[in-house]
There are 2 protein chains.
Amino acid sequence: METKLNYSLRELAQLAGVSKSTASRVISGNGYASPDVRERVLKAAEKLHYRPSAVARAMVAKRTHNIGVIVFRDKLPIVSHTLYGKIIDEILMAAEGLGYSIFLKTDREMSFRSMDYMLEQRVDGLILVSRLRKNVIDYVKKFNIPYVMVNGSTEDPDVVHLVSNDEVGGERAAEHLYACGHRRFWINAGPGEHRSHSLRLSGFCRRLEQLGIPCGAEPDQEPDDSIRNGKDSVRNDEGYVRIAKSPESSFDFGRKLMEKHYEEFRRGGYSALFSTNDMLALGAMKVLLEHGVSVPEEVAVMGYDNTDPARMYHPSLTTVSVDAAGIGRDAVAILDKLIGGEEGVPRLIEYESEVIVRQSTKCKEDMQE
Amino acid sequence: METKLNYSLRELAQLAGVSKSTASRVISGNGYASPDVRERVLKAAEKLHYRPSAVARAMVAKRTHNIGVIVFRDKLPIVSHTLYGKIIDEILMAAEGLGYSIFLKTDREMSFRSMDYMLEQRVDGLILVSRLRKNVIDYVKKFNIPYVMVNGSTEDPDVVHLVSNDEVGGERAAEHLYACGHRRFWINAGPGEHRSHSLRLSGFCRRLEQLGIPCGAEPDQEPDDSIRNGKDSVRNDEGYVRIAKSPESSFDFGRKLMEKHYEEFRRGGYSALFSTNDMLALGAMKVLLEHGVSVPEEVAVMGYDNTDPARMYHPSLTTVSVDAAGIGRDAVAILDKLIGGEEGVPRLIEYESEVIVRQSTKCKEDMQE
DNA sequence: TCACTGTGTGGGACCGTTCCCACATCACAC
DNA sequence: GTGTGATGTGGGAACGGTCCCACACAGTGA
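The name given to chain A in an unreviewed UniProt entry is LacI family transcriptional regulator, with Saccharibacillus kuerlensis as the source organism.

**Comments concerning the overall build of chain A**
Counting its secondary structure elements, chain A contains 14 helices and 13 strands. Relative to a compact globule of 369 residues, whose C-alpha radius of gyration would be 21 Å, chain A shows 27 Å and is clearly more extended. Buried residues in chain A amount to 51% of all 369 residues. Partitioning the intrachain contacts of chain A with sequence separation of at least 6 by distance along the chain shows that 69% fall at a separation of at least 24.

**Some points on the UniProt feature "domain: HTH lacI-type" (unreviewed entry) in chain A**
Mapped onto this numbering, the UniProt entry annotates "domain: HTH lacI-type" (unreviewed entry) at residues 7-61 of chain A. The span residues 7-61 of chain A shows a helical share of 71% and a strand share of 0%, and its end C-alpha atoms are spaced 20 Å apart.

**Brief notes about the domain arrangement of chain A**
All names here are of chain A. Domain assignment breaks chain A into domain 1 (9-52), domain 2 (66-164 + 324-350) and domain 3 (166-322 + 354-368). If you average the C-alpha positions of domain 2 and of domain 3, the two centres end up 30 Å apart. Counting residues at the interface gives 9 residues for domain 2 and 11 residues for domain 3. The residue inventory of the side of domain 2 that touches domain 3, partitioned by class, reads 3 nonpolar, 5 polar and 1 charged.

**Comments concerning the protein's contact with DNA strand C**
The environment of DNA strand C is made up of 26 residues, and the closest members are L9 and S24 of chain A together with S19, S21 and T22 of chain B. Among the secondary structure elements, those contributing two or more residues to the surface near DNA strand C are α1 (9-16), α2 (20-28) and α4 (54-61) of chain A together with α2 (20-28) and α4 (54-61) of chain B. Ranked by residues supplied to the surface near DNA strand C, first place goes to α2 of chain A with 5 residues. For the surface near DNA strand C, the class distribution of residues is 12 nonpolar, 10 polar and 4 charged.

**Observations regarding the interface of chain A and chain B**
The interface is formed by 49 residues belonging to chain A together with 49 residues belonging to chain B. Looking at the side of chain A that touches chain B, the elements with two or more residues in it are α4, α5 (82-97), β2 (101-107), α6 (111-120), α11 (278-290) and α12 (308-312) of chain A. Across the side of chain A that touches chain B, the residue classes break down as 25 nonpolar, 12 polar and 12 charged. Bridge analysis of β2 of chain A against strand β2 (residues 101-107) of chain B gives 3 bridges, and the strand direction is antiparallel. Paired with L104 of chain A across the two strands is I102 of chain B, which belongs to β2 of chain B.

How each quantity is defined
- Residues numbered from 1 in each chain as written.
- Chains lettered and ligands numbered in written order.
- Predicted model: local features only at pLDDT ≥ 70, side-chain atom pairs only at ≥ 80, totals over all residues.
- Helix = DSSP H or I, 4+ residues; strand = E, 2+ residues; numbered from the N terminus.
- Rg over C-alpha atoms; globule rule 2.2 N^0.38 Å.
- Buried ≥ 20, exposed ≤ 12 C-beta atoms within 10 Å, placed from the backbone.
- Contact = placed C-beta atoms within 7 Å.
- UniProt positions renumbered as here; feature names shortened; annotations may be inferred.
- Domains from an automatic or database assignment.
- Nonpolar A, V, L, I, M, F, W, Y, C, P; charged D, E, K, R; others polar.
- Near = placed C-beta within 6 Å.
- Pairing = 2+ DSSP bridges.

As structure tokens, this is what we get:
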């Protein structure tokens, strides 16, 4: 009984002394079966450890109830990036609730290969997480398989795209720091080709300019060899801004950047540091702390993403939260609608960004409230 | 041409003007086909965006080339836990290399349901990550499907089990702190029912006792309602140890624990704190820092797992590394062997643990070397 | 001319389900 | 006794591939 791996419905029916059709009706639960036949079949199923083959079912139903999730990764592994990890967690839980299973694949360069894999697996739909080279979108359009994109980089209006409202988040970050009295800003901006980073930067800058501080963001300028160290913007009586762009958004890049510039902070050149994600912020903050610059007393530091390390740091990092739970949940729910052929699904869904004030930007304003 | 989702081999063959068999030979690449027939079929495939169905293939091959990964989670999502995230990253990459795809599922309580899901999907094998209730192992044994366990909690000698060598890691941690001159220890120990935590604790204690410091670990004692605050071990001229057990191994539990006890550290009662994972260590360390206890000058702090937050912290956390890359890679490789019916696969595979000395335990000994 | 061999192609069973349809049985009314 | 409808069960095609086997055809040697 234990030697065989999987029994078929035919074998099950044989043991129960009924036909395939009858056994199928009992197992799948749709169709008539008299009580005693029913019991005989179930008893036989128990005995054989019978598990119906989802493969065969998918074959006839032309539907697998599987969803493919492709996560872009650069050189680095990506699931361990806490923001994507959170999103994937939520996707998994939401999928379970709707009866889907998840095929997970990370993708570096061979984007088409991953796509083909998913297509061959006949997944019912796709969730594309993070930016992908743009021709992947054209590729996926050729097959008309339902898909949604999460936190991607496309501006294509056809694509159903779930993103945090990064521009508004950037504005709110600027407001918070301004309200705390800061007028001399340093900005660490991550890769400009990534939608999130460039929108966070432009939102931050726009709000500062509205508040009377010239920002002078040039969103399209290329970072040079490793790090672009922007010049200060024009000064006016209100204050000024300096933007440094980096081609990566990692902790180590944040470190590297600040290692070149901590002297300027020590001399009091800047009172606030905003980074377009938490890792850049933490890398920079650690260097400041190591060189005796106190946070938040001398310099306020702020990140973006509300990852776990930000919360756990000492001082804990003020940041902007991204609704990973909402994004993950909705990604599956919307994909399910698309699979069901539902019309009128919105193309761009934005999630509110909220400033999470913590120790790294504590100021009098916060104290009073 | 764009209206249909998936074409079948029959339709492809029809368009190319050949038989199903011939088309199959060209597409799958095994079997003869004359150059012009070959070209006709490939051209037709291109035109139809033909992708062979892995579902149908799996049906006849009785083999899906899919691997199921089940990750235990408590109340919390789990992929975002950096250690498991890392392991999953490695599993994904290794699987890709060997031609497998990954079905990922997180599991809280309905363990059998996840198992059944995987069985119905007819995955070729299973990777079980982290502890599972023990009856799950009995369950999986009933079906004879190949499986390996990663970082689990079982002592079952049948199970192919990949784990870090937590006992040796604990010993090394003790050695490091002892060599730095510490004699008064506090230990935060995570859930005793988890193999890793209890072995790390017992390894640490054993080494201390060998060095002449009574440890008095009682590995089986139950934590009370929320936190078990053990008593100091017997003092002798060499030093002493106090063990606190917590039912969770989270950052917040580390905090909670230390919030009750930081006064004792401030008074100089303990010069070193060892936690059985990084999160517990960071939570405790943050509370110490917030109350003005300096690390490492007054208290040395040490964790376990070598997660990213540990590396990034200020002060960066001394920890014990777990070879997540090796574990993930080997999990897939060994499972592949089991699937191939290979005999003589070792049951317990242990990975070396290495102390990573960082700022949180810097001492004269380290300076000299 | 005939048997023989090799080569490329087609026919069709099979994998494990679902589901439509046919059919057997029975109760009941006419 | 026959027709009718409800009820439960079985037969078999279909899903999209793989692969074994048969077969047509050409080239070769006796």
